[in-house]
Amino acid sequence: MATPTAKLTNDEQEKTNTPHPLFIEVKQRCLISADQLKRYSEPNELPTDTRTAPDLDVGFGQQRALKALHTALDIRASGYHVFAAGENGLGKRTVISRLLTRIAADAPTPDDWVYVHNFTDPRTPLALRLPAGQALLLQQQVSSLWQQAKKRLSQRFRSDQYQSKIEAIKNDTHQKESHAYEALNAEGKQYDLALTFRSFDNKAMFVHPSQLTVDSDNDQETEIDKISNDNKNKSTIADDHHDNTARLNDSADNNSNNTNDDSRTKSGNSEYESELNNFVQKNHMQKRLSQLTIALERLEDEANDAIETLHRNIARRTLQPLFTPIYKQFANQPLIVDYLKSVFTDMVTHVERIVNGDDEEFVKAVLTTTPSRYAVNVIVSHTPDSGAPVIFEDLPTHLNLLGHVEQITQLGTVTTDVSMIRAGALHRANGGYLLLEASHLLEHPYAWQGLKRALQSRKIKLSSLEQMLTLTGSLSLAPAPIDLDIKVILLGEADLYYELLELEPEFDAVFKVRADFHDDVVRTSEHELALVAKMADIIDYANLYPFDRSAQAALLEHLSLQAEDQDRLSLHSDLLIKLLHESNRHARLSGNNIVEAYHVTQAIDDMDERSGYLRDLYWDELKNGQQLIQTQGSAIGQVNALTVVSYADSEFGMPARLTAVIQPNIGTGEILDIERDVDLGGSLHAKGMLIMTSYLRALFSQHHALNFSASLAFEQSYAHIDGDSATVSEGCALLSALANVPIDQSFAITGSMNQLGEVQAVGGINSKIAGFFDACREQELNGQQGVVIPMANVKQLMLRDDIIAAVKAGMFHIYGVHTLSEALTLMTGLPIDTMNKKGRYRKGTLFGKILERLMLWDDNQDDYEGIEDKKSKKERQEKTESQTSKKSRQA
């Protein structure tokens, strides 16, 4: 039997304020029950507490990423490095580090590397490879060898035996020199010349015996090792003979005053010949002296060679016993033995400088116990059978990645040596795995270029960053490159991966494997237990109190809220760690030694309060009436739209008033988006507006021309707006204004829409509902308020317990809709698009009222134009009559 209400016409129903049956049907069909608003975890299915939780599966929820990682690790070809893509806070580094640590434990231990002095080319130190654990041993052996070598060489060169051998060489050389001088002096006496040494420069020369003095004689004896006294006596007799001859010649001159000119001429010629003969003889002896000097220099060279040979022989005999055991120790390493032989040869060659200890190259270097010439600089060393290294570099600069050569300034001079070569992360991870944050890598100049070059060439080549930046730089070492065998894993977000693919042409050639990390996982009993195992692992690591099963359930429900889906669980490790620590704090403050559900709830409330400063400011404005939000009554062209405000780490929902204004008979259905025109609306918002406009044109253009223009705006909105989640609310406001039908302000609405009028899911649904609920509670709940959401969002509902309690009590309602028509029915109480037999919208429907108004505006326009035409015709007639009357008077 039909009800009386069903027999009433639409107009009669409006007059009696009786709800339309279609409205009642839609309201019942779209109402969401309280059981659908949240999915609870069953505590009885969880462990008693986290101490009895199952073992953690390292790769839980990330099987896709781990499979990609295994693929890259199994392929040794060039370029198979990994970019791990996923949001920050997922625990990518922890998961990968644990996996790699497990794999690396069974991997072969890589070799050690050292840098040593290159005796052939000191500017290019040698890189030597040794088995694991041998680098430190070589360094210790060479250091000990240096200490013992210096001590024993010093002892040998201070011994009496060494001194006696040196004296013998010097005495032999001295005797040979003395004999040579004596022989030359004897030869000079045949020409009446004596060998002497000038006092001011000790240079040997021949002079006439008369020019010798007593002092010069004494000096001569000293210089030529006491040339025989007979030579001195002969020189004295020669001097006396010369003096007597001179006195006799003077007496003869005094007694012979009448000597004729011929005798004087003969005497003068004789003196000239004598002087000429003396000059020739003296020149001859000087040449003999020069020859002797050359011979004596050769003699000194031979003596020096003999001393040097003695030194080297002593050094060989001293050092050989020290080096022999080390040769045997590294016999299986030919390159090491070759290096040790080079050290031996260099020590023998420079033994004098080692013993003297006054040469900078043979004194201990800075921070070492050996000279840099013999320093073994351990670049990387591994414990034997320790597996492959897993390194995370948190500051991936060019220097920290590829290593560098340090410098030291002494007395204004910048110096460096092989002992100042420092290893980078690539050296430490060589033979294993290196983890890097991609964003950190790109922050530092030349870091990416250096890493890319090393991975492509498979060699670590140290280069001066100073030279790269300034194109000049100071003189520095150029160490030999080291072979590189490594797997690099970059950690970053997916957006960064796409940017690198676009901007760096060679990126895909170096990082060929992408490992995608998921944000969430399907919510099943198995996965809930796996997440409890993850909680237990974090609790054990941080030494927190155990969590009972009620606390575990509360945490799982919050993780589902963070995933914004009843059937998903968030995998964000950062959030979970924060919740565990803060819940543990509340348990400790309350004196409990186990964490319960209300401790978790307190922690969540604290976190919400800390991030709620902006939200509280908004609610204060709402209470003071500064924010105009109406949660009761009705209004034409006005809708409460649900929005989400995101700022830094704060996110909350709030209602915003959306209004539509119609200008009839102006335009052809254009809709002005005020937000877009003032650059406060984003591209997604503009797309939603265009979709809604297209939908309206498709609805009415086939029935009547769109003879209006409209404008839409979010009132009291002064920030950027983006997203298409307001499309349904904009459509409701515009159609309400077109039909001149009020919208119930007890409702708020959100949802996206396509061109067919179907309502689509939106994000932040839980925050949006909570925002309007709080606004209604501030203005008092009356049992009529509620929200209209897309039906596709129902599975994402994880609402607060106080909202669910209000729904159960009938004080708040949540409706899910599939189409815009359902939403409009709930908001206006009218049927929307039912048609009559002629295929036209019924007059009582919302769309029928819109068409009626469109036609009314046309009629009004026609009437207005008719009135205007009559007025113009009358004015023309009056003007004609006036002109005719004027002509008549003139006639």
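Residues numbered from 1 in each chain as written. Predicted model: local features only at pLDDT ≥ 70, side-chain atom pairs only at ≥ 80, totals over all residues. Heavy atoms only, no water.

Colleague: What is the right way to read the overall build of the protein from this model?
Modeller: A count of helices and strands for the protein gives 31 helices and 29 strands. Counted over contacts in the protein with a minimum sequence separation of 6, partners at least 24 positions apart contribute 76%. Total accessible area computed for the protein in this model is approximately 46,700 Å², and 49% of it derives from carbon and sulfur atoms. (Helix = DSSP H or I, 4+ residues; strand = E, 2+ residues; numbered from the N terminus. Contact = heavy atoms within 4.5 Å. Areas by Shrake-Rupley, 256 points an atom, 1.4 Å probe, with all protein chains shown as cover.)

Colleague: Would you mind showing me how to read the sheet that holds strand 15 (residues 487–492) here?
Modeller: Two orientations exist for strands paired in a sheet by backbone hydrogen bonds: parallel and antiparallel. Pairing is parallel in the open sheet, where 5 strands are placed in the order 7-12-15-1-16. This sheet does not close on itself; its edge strands, each paired only once, are strand 7 (390–393) and strand 16 (513–516). This sheet shows a mean twist of 20° between the axes of neighbouring strands, independent of strand direction. In the sheet, strand 1 (residues 82–85) pairs with strand 15 via 4 bridges, with the strands oriented parallel. Within strand 15, the position partnered with A84 by the bridge is L491. Taken strand by strand, helix 5 (residues 92–105) contacts strand 1, strand 7, strand 12 (433–437) and strand 15, and its axis lies near 175° from that of strand 12. (Pairing = 2+ DSSP bridges. Axes fitted to C-alpha atoms, helices over the stretch in contact; angles between N-to-C directions.)

Colleague: What is the right way to look at helix 22 (residues 573–589) in this model?
Modeller: Counting along an α-helix, one turn takes 3.6 residues, and residues three or four places apart therefore face a common direction. Compared with an ideal rise of 1.5 Å per residue, which puts 17 residues at 24 Å, helix 22 spans 24 Å between its outermost C-alpha atoms and is within 8% of the ideal. Residues S573, L575, L576, L579, L580, E582, S583, N584, H586 and A587 constitute the buried set of helix 22. Tucked inside the fold, the buried residues of helix 22 contact helix 20 (525–542), helix 21 (549–563) and helix 23 (597–610). Looking one or two places after helix 22, you find G591, whose phi comes out positive at around 85°. (Expected span 1.5 Å × (residues − 1). Buried < 20%, exposed > 50% of the residue type's maximum accessible area, 1.4 Å probe, protein only.)

Colleague: Teacher, can you tell me more about the pattern of salt bridges here?
Modeller: Oppositely charged side chains may form a pair once their charged atoms are brought near each other. One pass over the full model with this rule turns up 29 salt bridges. A salt bridge links R373 to D346; the shortest N-O distance between them is 2.7 Å. Taken together, the residues span a long stretch of sequence, with R373 in the loop between helix 12 (351–356) and strand 6 (376–380) and D346 in helix 11 (residues 334–349) at a distance of 27 residues. Judged by relative accessible area, D346 falls into the buried class, the value being 7%. Linking D516 and R514 is a salt bridge whose minimum nitrogen-to-oxygen distance equals 2.6 Å. (Salt bridge = Lys/Arg side-chain N within 4 Å of Asp/Glu carboxyl O.)

Colleague: What is the right way to look at helix 5 in this model?
Modeller: Given a rise of 1.5 Å per residue, 14 residues ought to cover 20 Å, and the 20 Å separating the end C-alpha atoms of helix 5 matches this to within 8%. Where helix 5 is concerned, the buried positions are K92, V95, I96, L99, L100 and A104. Projected down its long axis, helix 5 shows its buried positions confined to an angular sector of 155°, all on one face. Facing away from the buried side of helix 5 by more than 90 degrees, the exposed set consists of R102 and A105. Here the buried face of helix 5 lies against helix 4 (63–74), strand 1, strand 7, strand 12 and strand 15. (Arc of directions from axis to C-beta.)

Colleague: How should a negative patch on the surface be read in this particular structure?
Modeller: Among the surface-exposed residues, E87, E493, D495, E499, E502 and D519 lie close enough to one another that they form a single negatively charged patch. With respect to the helices and strands, E87 occurs in the loop between strand 1 and helix 5. For E87, a relative accessible area of 37% puts it in the partly exposed group. (Patch = residues over 30% accessible without salt bridge, like charges linked within 9 Å, V, L, I, M, F, W, Y side chains within 5 Å. Lys, Arg positive; Asp, Glu negative; His and termini not counted. Charge placed at Lys NZ, Arg CZ, Asp CG, Glu CD.)

Colleague: I'm lost on a positive patch on the surface in this one. Help?
Modeller: Together, K151, R152, R156, K165 and R317 make up a region of like positive charge exposed at the surface. Residue contributions to the positive patch peak at 3 residues, all from helix 6 (residues 134–157). Here K151 shows up in helix 6.

Colleague: Would you explain the pairing of strand 6 in this entry?
Modeller: On a regular strand, one side chain projects to one face of the sheet and the next to the other, so that they alternate. Where burial is concerned, most of strand 6 is hidden: 5 out of the 5 residues are buried. Across 4 bridges, the pairing between strand 2 (residues 112–116) and strand 6 is antiparallel. In the strand pairing of strand 6, V116 is matched with V376.

Colleague: Help me understand the nonpolar core in this model?
Modeller: In summary, soluble globular proteins display a tendency toward joint burial of nonpolar side chains. Membership of the largest hydrophobic core comes to 52 residues, with the highest contact counts inside it found for I96, I489, F517, F547 and L580. Examining the composition of this core, we find that 7 residues originate from one element, helix 20, more than from any other. With residues up to four places along the chain from it excluded, the contact list for L580 reads M535, I538, I539, L544, F547 and L555. Listed in part, the 47 residues of the second largest apolar core include C30, Y695, A710 and M827. (Core = buried A, V, L, I, M, F, W, Y, C linked by side-chain atoms within 4.5 Å.)

Colleague: Before we go on, may I ask you to explain unusual backbone geometry in this structure?
Modeller: It is generally the case that most residues other than glycine have a negative phi and that most peptide bonds are trans. With a phi angle near 60°, R458 is a residue other than glycine that sits in the positive phi range. Secondary-structure assignment places R458 in the loop between helix 16 (447–457) and strand 13 (459–460). Residue R458 is classed as partly exposed on the basis of its relative accessible area, which comes to 39%. Within the chain, E564 stands out as a residue other than glycine whose phi angle is a positive 55°.

Colleague: Where do I start with the sheet that holds strand 3 (residues 126–130) in this structure?
Modeller: Taken together, the 3 strands give an open sheet; going across it, the order is 3-2-6, and neighbouring strands pair in antiparallel fashion. The outermost strands of the open sheet, each flanked by one partner alone, are strand 3 and strand 6. Pairs of neighbouring strands in the sheet enclose a mean axial angle of 30°, with direction left out of account. Relative to strand 3, strand 2 runs antiparallel, the two sharing 5 bridges. Considered in strand 3, the bridge of V114 is made with L128. Across the sheet, helix 6 is in contact with strand 2, strand 3 and strand 6; its angle to strand 6 comes to roughly 165°. Running over the sheet, helix 11 touches strand 2, strand 3 and strand 6 and is turned about 135° from strand 3.

Colleague: Looking at this model, I keep getting lost on the environment of A713. Mind explaining?
Modeller: Looking at the element boundaries, A713 is found in strand 23 (residues 708–714). The buried category is assigned to A713, whose relative accessible area is 10%. Separated by 55 residues in sequence, A713 and L658 have C-alpha atoms that sit 5.9 Å apart.

Colleague: Teacher, can you tell me more about the pairing of strand 12 here?
Modeller: Strand 12 sits mainly inside the fold: 5 of its 5 residues count as buried. Burial of the side chains of strand 12 extends over both faces: Y433, L435 and E437 are buried on one face and L434 and L436 on the other. In terms of strand pairing, strand 7 meets strand 12 through 4 bridges, oriented parallel. In the strand pairing of strand 12, V390 is matched with Y433. The pairing of strand 12 with strand 15 spans 5 bridges and is classified as parallel. Its bridge partner lying in strand 15, L435 is registered against I489.

Colleague: Even after reading the chapter, I still don't get the packing of helix 24 (residues 613–623) against helix 28 (residues 765–778), so can you show me in this structure?
Modeller: The geometry of a pair of packed helices is captured by two quantities: the angle between their axes and the separation between those axes. Packing of helix 24 against helix 28 brings their axes to within 10 Å, and their N-to-C directions diverge by 35°. Here helix 24 and helix 28 pass one another in a crossing that is right-handed. Each of W619, L622 and K623 in helix 24 lies in contact with helix 28, whose residues at this interface are G771, D774, A775 and E778. By residue class, the composition of the contact of helix 24 with helix 28 is 3 nonpolar, 1 polar and 3 charged. (Left-handed = near helix turned anticlockwise from the far one by under 90°. Nonpolar A, V, L, I, M, F, W, Y, C, P; charged D, E, K, R; others polar.)

Colleague: Is there a simple way to explain the environment of T828 in this structure?
Modeller: Mapping T828 onto the fold places it in helix 30 (residues 820–828). Non-local contacts of T828, meaning those with residues more than four positions away in its chain, are made with V741, P742 and I743. Looking at T828, its side chain comes within polar contact range of the main-chain oxygen of L824, at 2.6 Å. There is a polar contact of 3.4 Å between the side chain of T828 and the backbone nitrogen of L830. (Polar contact = N/O pair within 3.5 Å; in protein donor to acceptor, adjacent residues only side chain to side chain.)

Colleague: How should I be thinking about the packing of aromatic side chains in this particular structure?
Modeller: Geometrically, a pair of aromatic rings is defined through the distance of the ring centres and the angle of the planes. The tally for this structure, following the rule as stated, stands at 18 aromatic pairs. Both rings, one in F323 and one in Y327, keep their centres 6.0 Å apart while their planes meet at 40°; by these two values the pair is tilted. One end of the pair, F323, and the other, Y327, are both in helix 10 (residues 261–329), 4 residues apart, so they sit about a helical turn from each other. You can call F323 buried: its relative accessible area is 0%. The structure contains a cluster of three or more aromatic residues connected by ring pairs, namely F83, W448, Y497, Y498, F507 and F511. Directly above the aromatic system of F392 lies the positively charged group of R93, at a separation of 3.9 Å from the ring centroid. (Phe/Tyr/Trp six-rings, centres within 6.5 Å; stacked < 30°, edge-to-face > 60°. Lys NZ or Arg CZ within 6 Å of the ring centre and 35° of its normal.)

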